[in-house]
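# A structural walkthrough
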Amino acid sequence: MSDQPLLTYRVATSPAPLQAGTAGTNSQGRITLTVTAGAEDTYCDWIQIAVPGDAKSGGAYFTDDPKPVFSSDGNWSAGSLVQVSAQHLGLAGDALYYRAIFHYQGDDSEPFDGTLHLGVSGELVDSTGTLDLHITEHSDTSSDPDDFASRRRTVPLPVTEPVFYLNAFLARDDDSATAPKTKFSSDDNPYLSWESNGSYYRVFDGDGEIVYEGSDTFFTLPDESLAMDTTFTLEASMSPEGAGSGFETIHQYAVLTLTVKDPTLDALTVEGEISGESGLEISGNASVGNSLTVNNSLTVSGSADVGNSLTVRGNTYAQNSLTVNGSLTAQSSLYSGGSAQISGDLTVDSTLNANGTLNAYGQVNAVSDEHYVRIRELRGPYGEQLSINSNVEVISGCDLNVTGDNKAKGYKVFSNNDTVSLWNNHYSGYFYATMFVNDSRRQVAVWDPGNDVNSAQWRISFD
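Residues numbered from 1 in each chain as written. Predicted model: local features only at pLDDT ≥ 70, side-chain atom pairs only at ≥ 80, totals over all residues. Heavy atoms only, no water.

### Let's talk about the overall build of the protein chain
Helix and strand counts for the protein chain stand at 0 helices and 43 strands. Here the protein chain holds 463 residues, and 34% of them are scored as buried. Here the analysis covers contacts within the protein chain between residues at least 6 apart in sequence; of these, 50% occur between residues at least 24 apart. In the structure as shown, the protein chain presents an accessible area of about 27700 Å², 45% of it carried by carbon and sulfur atoms. (Helix = DSSP H or I, 4+ residues; strand = E, 2+ residues; numbered from the N terminus. Buried < 20%, exposed > 50% of the residue type's maximum accessible area, 1.4 Å probe, protein only. Contact = heavy atoms within 4.5 Å. Areas by Shrake-Rupley, 256 points an atom, 1.4 Å probe, with all protein chains shown as cover.)

### Some points on the sheet that holds strand E16 (residues 210-214)
By definition, the strands of a sheet pair up through backbone hydrogen bonds, in either a parallel or an antiparallel sense. Pairing is mixed across the open sheet formed by 5 strands, whose spatial order is E13-E19-E18-E15-E16. The two strands at the open ends of the sheet, each matched to only one other strand, are strand E13 (183-184) and E16. When strand E18 (residues 230-237) meets strand E19 (residues 251-260), the two strands line up antiparallel, connected through 8 bridges. Bridge pairing in E19 links Thr230 to Leu258. (Pairing = 2+ DSSP bridges.)

### Considerations on the side chain of Ser139
Of note, Ser139 is situated in strand E10 (residues 129-140). Apart from the residues within four sequence positions on either side, Ser139 is in contact with Leu6, Thr42, Tyr43, Cys44, Asp147, Phe148, Ala149 and Arg151.

### So, the pattern of salt bridges
Under the defined criterion, the tally for this structure stands at 6 salt bridges. Between Lys67 and Asp65 there is a salt bridge whose closest N-O contact spans 3.3 Å. The class for Asp65 is partly exposed, based on a relative accessible area of 43%. A salt bridge links Lys181 to Asp173; the shortest N-O distance between them is 2.9 Å. Here Lys181 falls in the partly exposed class, since its relative accessible area comes to 30%. (Salt bridge = Lys/Arg side-chain N within 4 Å of Asp/Glu carboxyl O.)

### Here's the deal with a nonpolar patch on the surface
Together, Val373, Ile375, Leu378, Leu386, Ile388, Val392, Val394, Leu400 and Val402 make up a nonpolar patch on the protein surface, roughly 870 Å² of accessible area in all. Along the chain, Ile375 turns up in the loop between strand E36 (364-365) and strand E37 (407-408). Taking relative accessible area as the criterion, Ile375 reaches 52% and is therefore assigned exposed. (Patch = residues over 30% accessible without salt bridge, like charges linked within 9 Å, V, L, I, M, F, W, Y side chains within 5 Å.)

### Remarks on the environment of Pro222
In this structure, Pro222 sits in the loop between strand E17 (218-220) and E18. The class for Pro222 is partly exposed, based on a relative accessible area of 38%. Sequence spacing of Pro222 and Tyr212 is 10 residues, and the spatial spacing of their C-alpha atoms is 9.3 Å.

### Regarding unusual backbone geometry
Residue Pro15 is reached from Ser14 by a cis peptide bond, and omega for that bond is -5°. Topologically, Pro15 is positioned in the loop between strand E1 (8-14) and strand E2 (18-19). For the peptide bond that leads from Ala16 to Pro17, omega is -5°, which places it in the cis range. Counting through the fold element by element, Pro17 comes out in the loop between E1 and E2. The phi torsion at Glu224 lies on the positive side, around 65°, for a residue other than glycine. Under the relative-accessibility criterion, Glu224 is labelled exposed at 75%.

### A short note on the packing of aromatic side chains
If you walk through the whole model with that rule in mind, you get 9 aromatic pairs. Centre to centre, the rings of Phe70 and Phe102 are 5.5 Å apart; their planes meet at 10°, and the pair counts as stacked. Of the two residues, Phe70 sits in strand E5 (residues 62-71) while Phe102 sits in strand E8 (residues 96-104), which places them 32 residues apart along the sequence. Taking relative accessible area as the criterion, Phe102 reaches 0% and is therefore assigned buried. By the ring-pair criterion, three or more aromatic residues cluster together here, those being Phe169, Trp194, Tyr201, Tyr212 and Phe219. (Phe/Tyr/Trp six-rings, centres within 6.5 Å; stacked < 30°, edge-to-face > 60°.)

### Some thoughts on the sheet that holds strand E28 (residues 316-318)
Pairing within the open sheet is parallel, and its 5 strands lie in the order E22-E25-E28-E31-E34. Pairing within the sheet leaves two strands with one partner each, and these edge strands are strand E22 (280-282) and strand E34 (352-354). Taking the axes of each pair of neighbouring strands and ignoring which way they run, one obtains an average angle of 0° across the sheet. Looking at chain direction, strand E31 (residues 334-336) and E34 are connected through 3 bridges and run parallel. In the strand pairing of E34, Tyr335 is matched with Asn353. (Axes fitted to C-alpha atoms, helices over the stretch in contact; angles between N-to-C directions.)

### Description of the nonpolar core
One broad trend across soluble globular proteins is that nonpolar side chains are buried collectively. Ile31, Ile47 and Leu133 are the most contacted members of the largest nonpolar core, which has 30 residues in total. Of all the secondary structure elements, the ones that give two or more residues to this core are strand E3 (27-36), strand E4 (43-52), E8, strand E9 (116-124), E10 and strand E11 (149-160). Those residues in contact with Ile31 that sit more than four places away from it in its chain are Val11, Ala12, Thr13, Leu18, Val51, Phe62, Leu118, Gly119, Val120, Leu131, Leu133 and Leu157. Residues Ala304, Leu310, Val312 and Val348 belong to the second largest nonpolar core, which totals 23 residues. (Core = buried A, V, L, I, M, F, W, Y, C linked by side-chain atoms within 4.5 Å.)

### Remarks on a negative patch on the surface
A contiguous patch of negative charge, built from Glu40, Asp41, Asp73, Asp107, Asp108, Glu110 and Asp113, is present on the exposed surface. Here Asp108 shows up in the loop between E8 and E9. (Lys, Arg positive; Asp, Glu negative; His and termini not counted. Charge placed at Lys NZ, Arg CZ, Asp CG, Glu CD.)

### Observations regarding the environment of Phe70
According to the relative accessible area criterion, Phe70 is partly exposed, its value standing at 28%. In this structure the C-alpha to C-alpha distance between Phe70 and Leu118, which are 48 residues apart in sequence, comes to 4.6 Å. In this view, Phe70 contacts Trp76, Ser77, Ala78, Phe102, Leu116, His117 and Leu118; residues no more than four positions away in its chain are not counted.

Function cannot be read off these values alone, since they describe shape.
Put into structure tokens, the structure is as follows:
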């Protein structure tokens, strides 16, 4: 008997244990070997695996051209599964086998290091019993190829009666991708696949709508299936519903959750902070219980209600009302199509557009030399008096028009072309000059209060 292999082989099957097919349907089976270094340095230039290919082996066997399973770091080349006789493998009898040889392509002076994955995947017929996996390695503890020997090991794998199973519900980019994924963009069409010996399948989205039904164990999600994070439920059965009177179908279920990097949400309520590294666009209303920070632009087609502070490092657009119960900092333009209510400080580094009402209960700073605050009408809050706590300069060439009284310290301020009456405190009468001329001087007179006349009006001018 030849020596046992020097490398370590861990064998796994799917399903576990392997299951035979039925009289009308073969069963899918997969055998994988994980090869790692043994207890001492081992030099190996090829590894061979073989599985039975017909009933003459005396047990279960693969049929219909199985495929090799292979993965390495690039130092090994994949082998093709070819059908050979027992004699080619050094075995007795005239059974046929599927054999694959994997060759080492690296530095011959280096011992085996790392991990190598080998195996075979294909259909099993309806025979139960034992399926013998034959492993042969050409190796030695010396790097001299003349010392290499073929070292064999046979691993008996049980194959049981078929049991209804469902497993390996996975998503990939497409049918050629090998790496499973759970994160996609909203416009992606992931390829979903699973392993099962059922005959009929249905896949439901998060709303319970059927996105696939049929006998295939794979399909590609249609467009617009990933508007947001979605959990898909796979239902497997041995036959479709309604197979006959009194018949009750047995189902197995698996779930797969796919996350979306750019979801579209019907509503969003956040109790804590939100930080957006890029743009944030909301078609409906937005309600944030605490702080919201967006590193790019924020667009809300409905109304926005932020329970604490709002910081936007790009443009801020609210197509309807904007309410911030704390401070608002917009490092670029701020646009509100409806009312804007800011309980704390409002800081806008660029343009501020409010086509509706702008209520700021804190401080509003507009200090840029290159931008202006344009207000159609300025009034005090809720009809109260408007106070200006600073010097006011009307730039040359700009008029100040006051349609009501213009007062300073509670008194009306006289303007050019105003007409006034002059009151004499000593005589308790108004200053009056008659139209009669005496000695080239106009006479001055007073008249009693309550008896005002037009000729008592005097004009103040700045000639």
